[in-house]
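One letter stands for each residue in the lines below.
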Amino acid sequence: MSSRTQSSVQAGRPGFVWAAPAIVFFGVFALLPMFVVVYLSFTSYNAISDPVWIGVKNWKHLAADPLVGNSLRLSAILTVLSWLVQTAIALPLGVYLAGKGRTRSVLAAALFLPLLMSGAAIALLWSTLFDPNFGLASVVGPLIGVANGNFIGNPSLAFYCVLLVIAWQFIPFHTLLYQGATRAIPTSLYEAAMIDGAERFKQFTLITVPQLRDTIITSGVLMIVGSLTYFEIILILTGGGPGTATRILPLHMYITGFRGFDMGYASVLAVLLLAVGTSLSLLITKVTGYRKMASQKEGL
Amino acid sequence: MSSAATGTPEIPAAGHVPARRPADGRRPRRGKAIGPWWKRMNFVGGLGAAVWLVIVGVPLYFLFVPSLRVSADYLAKGPLSPPNNLTVGNYATIMRSEFPRYFVNTIIVTLACVAIVLALALPAAYAIVRSRKKSVSTAFSVILLGLAVPAQAVILPLYLLITKAGLYDTLLAIILPTAAFALPLSIIVLTSSLRDVPAELYEAMNLDGAGATRALFSLVIPLSRSALATVGIFTAMQAWNGFLFPLVLTQSSSVRVLTLGLWDFQGQFGQNVPLLLAAMVLALLPLLVVYLVGRRYLLAGLTAGSGK
């Protein structure tokens with residue numbers, strides 16, 4: 001990497017000017033707003049007139065808002081369940097699809113199709129499936145004990161509908177990650193295991209899964225941090241309802257800010273979202289030692 | 001970091017590995033007693049994959065097939081009735097609606113985002129890899145920090161910013177933030193690809209008296225072509241499927257993009273499900289074509305940055 005040979009170290013090299021446009025652009029639209037949102041959380045702002053400084057009033061309101069606790073709880077449950085469900089399916093599926101053969105590559109091509117669809121399109125597709133009158137739900141519902149086929153209109157079932165649709169959207173992506181990572185595992189490990197007489201399940205648990213450690217962490221971080229920002233799926237599918245049954249934190253923020261036009265208080269919720277998101281990803285990378293992960297391939 | 005960590009983001013690409021087999025016999029491993037475990041039949045895995053295929057396939061069936069049915073037929077006979085009397089009438093109706101305008105808007109947004117991201121990310125990545133200036137590495141840390149910023153958390157100040165700039169309800173209001181949020185990952189992907197270029201090549205160019213600009217055009221761009229494709233596809237997917245920025249930063253139907261337009265159609269067409277499905281299929285079509293032509297690049301673009 002380093003070139004110690006040249007006397008004029010920076011000669012012929014690109015300087016800061018080359019990086020400046022990207023930095024400025026990113027700064028204006030992503031970094032500056034991070035600070036502005038903190039400022040906005042101390043103002044009263046209704047989207048029409050300019051923000052007015054009101055001190056900590058919005059933050060005091062946070063304690064009095066019963067929906068915050070609810071939305072945080074829903075976000076937490078959704079995060080944990082999403083992580084469990086998606087990993088349990090994506091990991092073995094990705095390992096399976098990493099194998100060679102015509103069947104598997106055709107299968108993979110089909111299974112990755114949902115990757116192409118926007119969250120909005122996926123939510124709309126599922127909402128036609130969940131339609132209690134004309135959708136698949138009207139046929140399937142009576143068979144599994146939901147006589148009226150109304151899954152998303154039912155406060156105790158709507159949450160699981162959301163969980164299912166989110167899993168449907170994101171499992172292909174994580175499967176793809178696991179597929180790629182499995183292909184990178186040196187075959188010599190399996191050859192050694194076979195000489196030792198380890199059968200398939202043993203190889204999976206003793207070689208494949210440990211070798212996928214980094215991917216389990218990467219994919220887990222993406223799932224956990226990503227689950228804080230689930231938005232359009234829920235907005236379109238349930239609108240946060242019925243009642244507040246699926247009103248997770250980002251949705252609570254959106255509805256408060258852009259439907260209720262209480263953008264000051266919505267900024268408090270946004271700061272909360274930002275804080276939870278960044279501390280979660282910091283915590284995960286710290287605990288798992290994600291940054292110093294090179295040791296996995298040691299001795300190969 | 002090990003060399004594995006700086007590998008190109010195409011690792012997950014399907015079909016990549018078999019394409020590189022040596023010429024000594026067509027499939028060297030087939031028939032050997034020793035091989036990776038997945039070489040032999042795997043009934044448990046096959047069964048699991050088949051179950052998942054049904055879960056993925058059923059909704060996709062309900063996306064494509066009912067879009068060809070007459071609405072009255074769909075509503076009267078139910079979703080499971082056999083699809084006879086298929087028609088492309090729904091597609092014709094959609095093409096006469098506002099859909100084409102949404103389609104064009106989305107294309108403009110996508111192309112503009114890709115252009116901005118490529119134009120800004122490549123020089124930045126080049127500077128990060130080659131510059132000796134402290135300011136550049138500081139800038140890189142700032143960019144890395146930006147990876148953790150969720151768009152939802154800054155959407156309120158962005159609304160204020162865009163309104164103040166007089167950009168509210170324009171295509172630029174969608175383009176600028178979408179491109180900005182695609183930058184960090186794009187720069188990271190390009191940086192790790194440029195790090196793989198041997199320093200000797202740059203030095204040789206320097207000895208020839210070439211400046212940074214000429215090295216960019218005759219060395220950096222040709223050598224990072226596949227990373228540029230990855231970044232372009234990643235950005236295009238973000239832009240094509242983006243929802244939050246258009247939702248919050250635009251309003252009129254003249255600047256509406258497809259994702260919002262589809263949602264709008266749901267309200268507009270009410271129970272005419274086949275019509276809505278036809279619109280969704282049309283919105284998906286360009287991506288489907290890209291998927292069929294260049295699945296490798298598309299999948300690499302999707303997992304840009306996380307495949308390492």
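Because the structure is predicted, anything quoted here is derived from the model rather than measured.

Quick notes on the rules
Residues numbered from 1 in each chain as written. Chains lettered and ligands numbered in written order. Predicted model: local features only at pLDDT ≥ 70, side-chain atom pairs only at ≥ 80, totals over all residues. Helix = DSSP H or I, 4+ residues; strand = E, 2+ residues; numbered from the N terminus. Rg over C-alpha atoms; globule rule 2.2 N^0.38 Å. Buried ≥ 20, exposed ≤ 12 C-beta atoms within 10 Å, placed from the backbone. Contact = placed C-beta atoms within 7 Å. Axes fitted to C-alpha atoms, helices over the stretch in contact; angles between N-to-C directions. Parallel < 35°, antiparallel > 145°, perpendicular 65-115°, else oblique. Left-handed = near helix turned anticlockwise from the far one by under 90°. Domains from an automatic or database assignment. Nonpolar A, V, L, I, M, F, W, Y, C, P; charged D, E, K, R; others polar.

**Student:** Honestly, the overall build of chain A in this entry has me stumped. Any pointers?
**Tutor:** Tallying secondary structure elements over chain A gives 13 helices and two strands in all. For 300 residues, the compact-globule estimate of 2.2 N^0.38 gives 19 Å, and chain A exceeds it by more than 25% at 24 Å. Sorting the 300 residues of chain A into buried and exposed places 43% on the buried side. For chain A, the proportion of contacts with a sequence separation of at least 24, taken over those separated by at least 6, is 67%.

**Student:** Sorry if this is basic, but what is going on with the overall build of chain B here?
**Tutor:** If you tally the helices and strands in chain B, you get 14 helices and zero strands. When its helices and strands are written in sequence order, chain B yields α-α-α-α-α-α-α-α-α-α-α-α-α-α. A burial count over chain B gives 46% of its 308 residues as buried.

**Student:** I'm lost on the environment of B:Arg256 in this one. Help?
**Tutor:** Looking at the secondary structure, you find B:Arg256 in the loop between helix 11 (244-249) and helix 12 (258-269). Here B:Arg256 is in contact with B:Tyr102, B:Asn105, B:Thr250, B:Gly261 and B:Asp264, once residues within four sequence places are set aside.

**Student:** I keep staring at the packing of helix 5 (residues 119-129) of chain A against helix 12 of chain B and nothing clicks. Help me out?
**Tutor:** For any two helices packed against each other, the geometry is given by the interaxial angle and the distance between the axes. Direction vectors running N to C along helix 5 of chain A and helix 12 of chain B enclose 20°, while the axes themselves pass 8 Å from each other. The orientation of helix 5 of chain A relative to helix 12 of chain B falls into the category roughly parallel. Crossing of helix 5 of chain A against helix 12 of chain B: the hand is left-handed. Between helix 5 of chain A and helix 12 of chain B, the contacting residues are A:Ala120, A:Ala121 and A:Leu124 on the first element and B:Thr259, B:Leu262, B:Trp263 and B:Gln266 on the second.

**Student:** Would you take a moment to explain the packing of helix 5 of chain A against helix 13 (residues 273-293) of chain B for this structure?
**Tutor:** Interaxial distance between helix 5 of chain A and helix 13 of chain B falls to 11 Å at its minimum, and their mutual angle equals 155°. The angle between helix 5 of chain A and helix 13 of chain B falls in the class roughly antiparallel. Here helix 5 of chain A and helix 13 of chain B pass one another in a crossing that is left-handed. Residue-level inspection shows A:Ala121, A:Leu124, A:Leu125 and A:Thr128 of helix 5 of chain A in contact with helix 13 of chain B, the latter providing B:Val273, B:Leu276, B:Leu277, B:Met280, B:Ala283 and B:Leu284.

**Student:** Explanation requested: the interface of chain A and chain B in the structure shown.
**Tutor:** Accessible area lost when the parts come together is the quantity often used to give the size of an interface. In this assembly, 94 residues from chain A lie in contact with 94 residues from chain B. Residue contributions to the side of chain A that touches chain B peak at 16 residues, all from helix 1 (residues 16-40) of chain A.

**Student:** Where do I start with the domain arrangement of chain B in this structure?
**Tutor:** Residue and element names in this part refer to chain B. Here chain B is partitioned into domain 1 (37-94) and domain 2 (98-302). Taking only C-alpha atoms into account, the centre of domain 1 sits 32 Å from that of domain 2. Each partner contributes to the interface: domain 1 provides twelve residues, whereas domain 2 provides twelve residues. Within the residue set of the side of domain 1 that touches domain 2, elements represented by two or more residues are helix 1 (43-64), helix 2 (71-77) and helix 3 (89-96). Sort the elements by how many residues they give to the side of domain 1 that touches domain 2 and helix 3 lands first, with four residues. Considered class by class, the residues forming the side of domain 1 that touches domain 2 number seven nonpolar, four polar and one charged.

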